[in-house]
Amino acid sequence: QVQLVESGGGSVQAGGSLRLSCVASGYTSRPYCMGWFRQAPGKEREGVAAIDNYGRTTYDDSVKGRFTISQDNAKNTLNLQMNSLKREDTAMYYCAASSWGQTVAPGGGCTETRYWGQGTQVSVSS
């Protein structure tokens, strides 16, 4: 079965940076869309950023200009560079991948997400 493993989370001060990575394994076809989602205590899970195999990207309005998503298909790796972090960015961040035929959707997600990682914690203090 497909497995996604995230890394790179941690605790930083406001204004700092973190780089999250997600390694995918166990699949025979490349995902058409991969993305990052986050969930803070007491809130619903929301899309942060996503990218498809055409290079198209989508971001949540709250992270535009601060976060950058990228992927390396040869290494089956998805990355999220997070700069100018704010206290509001504190959440569990999850990596997700779609099956073939999917693409990016408005607001930071994919049209379909089938596989999920276990999450990595990001904590931003003031």
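Going by the structure above, here's the rest.
Parameters at a glance
Residues numbered from 1 in each chain as written. Predicted model: local features only at pLDDT ≥ 70, side-chain atom pairs only at ≥ 80, totals over all residues. Heavy atoms only, no water. Phe/Tyr/Trp six-rings, centres within 6.5 Å; stacked < 30°, edge-to-face > 60°. Helix = DSSP H or I, 4+ residues; strand = E, 2+ residues; numbered from the N terminus. Buried < 20%, exposed > 50% of the residue type's maximum accessible area, 1.4 Å probe, protein only. Lys NZ or Arg CZ within 6 Å of the ring centre and 35° of its normal. Salt bridge = Lys/Arg side-chain N within 4 Å of Asp/Glu carboxyl O.

### Some details on the packing of aromatic side chains
One pass over the full model with this rule turns up 1 aromatic pair. With a centroid separation of 4.9 Å and 55° between ring planes, the pair formed by F37 and W116 is classed as tilted. Placement of F37 in strand 4 (residues 33–39) and of W116 in strand 12 (residues 115–116) is noted, with a sequence separation of 79 residues between them. For F37, a relative accessible area of 10% corresponds to the buried category. Overall, the relative accessible area of 33% leaves W116 in the partly exposed class. Here the basic side chain of R45 rests over the ring of Y94, its NZ or CZ set 4.4 Å away from the ring centre. One cation-aromatic arrangement involves R45 over W116; the distance from NZ or CZ to the ring centre is 4.5 Å.

### Concerning the pattern of salt bridges
Counted under the stated rule, the structure contains 6 salt bridges. E46 is the salt-bridge partner of R38, the closest N and O atoms lying 2.9 Å from each other. Its relative accessible area of 7% is what places R38 among the buried residues. Note that D89 is salt-bridged to R66, the shortest N-O span being 2.8 Å. Here R66 lies in the loop between strand 6 (57–59) and strand 7 (67–72) and D89 lies in the loop between strand 8 (77–82) and strand 9 (91–97), a separation of 23 residues in the sequence. For R66, a relative accessible area of 11% gives the class buried. Each of the salt bridges in this network shares a partner with another, and the network as a whole consists of R38, E46, R66 and D89.

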